[in-house]
Amino acid sequence: GSGDGCGGGAFSGNSNNGPNFAGLQQVIRIKRRHEAVIMSYPEVLAIGVSHDDTLGGIIQIFVKNDTPHQLDALPSDLEGIPVQYIWTDEFSTNC
């Protein structure tokens, strides 16, 4: 889940088996640096951050379902942070 959303949810966990909050803060900063450019692509619906048990902090980019799964124009990572693409229907937030 994302701690950078409208609800301001917090990441929980401890140093042994949960997300590293300080590390995720760095991922959030990197996401914010690239957000305007990523959001300028018409197929992109949203961008957020999450935690992957294997990769650690990741950036998630939500793209329209009808977007081809070959995304040559979009990055596979941002400043070394892995990017995960999620194909979804269009949605809106009520914030």
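What counts, and where the lines are drawn
- Residues numbered from 1 in each chain as written.
- Predicted model: local features only at pLDDT ≥ 70, side-chain atom pairs only at ≥ 80, totals over all residues.
- Heavy atoms only, no water.
- Helix = DSSP H or I, 4+ residues; strand = E, 2+ residues; numbered from the N terminus.
- Buried < 20%, exposed > 50% of the residue type's maximum accessible area, 1.4 Å probe, protein only.
- Contact = heavy atoms within 4.5 Å.
- Areas by Shrake-Rupley, 256 points an atom, 1.4 Å probe, with all protein chains shown as cover.
- Core = buried A, V, L, I, M, F, W, Y, C linked by side-chain atoms within 4.5 Å.
- Pairing = 2+ DSSP bridges.
- Salt bridge = Lys/Arg side-chain N within 4 Å of Asp/Glu carboxyl O.

Trainee: How should I be thinking about the overall build of the chain in this particular structure?
Mentor: Of regular secondary structure, the chain possesses one helix and four strands. Helices (α) and strands (β) of the chain occur, in sequence order from the N terminus, as α-β-β-β-β. Here the chain holds 95 residues, and 31% of them are scored as buried. Long-range contacts, defined as pairs at least 24 residues apart, comprise 43% of the intrachain contacts of the chain with a sequence gap of at least 6. For the chain, the exposed surface amounts to about 5900 Å²; the carbon and sulfur share of it is 47%.

Trainee: What is the right way to read the nonpolar core from this model?
Mentor: Looking at soluble globular proteins, one finds that nonpolar side chains tend to be buried together. The biggest cluster of nonpolar side chains holds 16 residues, and the ones touching the most others in it are Ile 59, Ile 61, Leu 74 and Tyr 85. At the level of elements, α1 (21–39), β1 (44–52), β2 (56–64) and β4 (81–88) are the ones that each hand at least two residues to this core. Beyond its immediate sequence surroundings of up to four residues, Leu 74 is in contact with Ile 38, Tyr 41, Glu 43, Val 44, Val 63 and Tyr 85.

Trainee: What is the right way to look at the pairing of β2 in this model?
Mentor: Where a strand is regular, its side chains alternate between the two sheet faces. The element β2 is extensively covered by neighbouring structure, given that seven of its nine residues are classed as buried. In textbook terms, the turn of a hairpin is the stretch between consecutive antiparallel strands, and for β1 and β2 this stretch comprises three residues. Two elements, β2 and β4, share six bridges in a ladder whose sense is parallel. Each residue of the ladder has a partner; that of Ile 59, found in β4, is Val 83.

Trainee: Hey, could you run me through the pattern of salt bridges in this one?
Mentor: A side chain with one charge can pair with a side chain of the opposite charge if their charged atoms come near. Enumeration according to the criterion identifies two salt bridges in this entry. Of the charged contacts in the structure, one is a salt bridge between Lys 31 and Glu 35, with a shortest N-O distance of 3.4 Å. Separated by four residues within a single helix, Lys 31 and Glu 35 lie in helix α1, roughly one turn from each other. Lys 31 sits in the buried class, given a relative accessible area of 4%. Across the pair Arg 33 and Glu 79 runs a salt bridge, and its minimum N-O distance is 2.7 Å. One end of the pair, Arg 33, is in helix α1; the other, Glu 79, is in the loop between β3 (77–78) and β4, with 46 residues separating them in the sequence. Among the residues examined, Glu 79 registers a relative accessible area of 44% and is labelled partly exposed.

Trainee: Explanation requested: the sheet that holds β1 in the structure shown.
Mentor: Two orientations exist for strands paired in a sheet by backbone hydrogen bonds: parallel and antiparallel. If you trace the four strands from one edge of the open sheet to the other, you get β1-β2-β4-β3, paired in mixed fashion. This sheet does not close on itself; its edge strands, each paired only once, are β1 and β3. By the bridge criterion, eight bridges tie β1 to β2 in an arrangement that is antiparallel. By the bridge assignment, Gly 48 is partnered in β2 with Gln 60.

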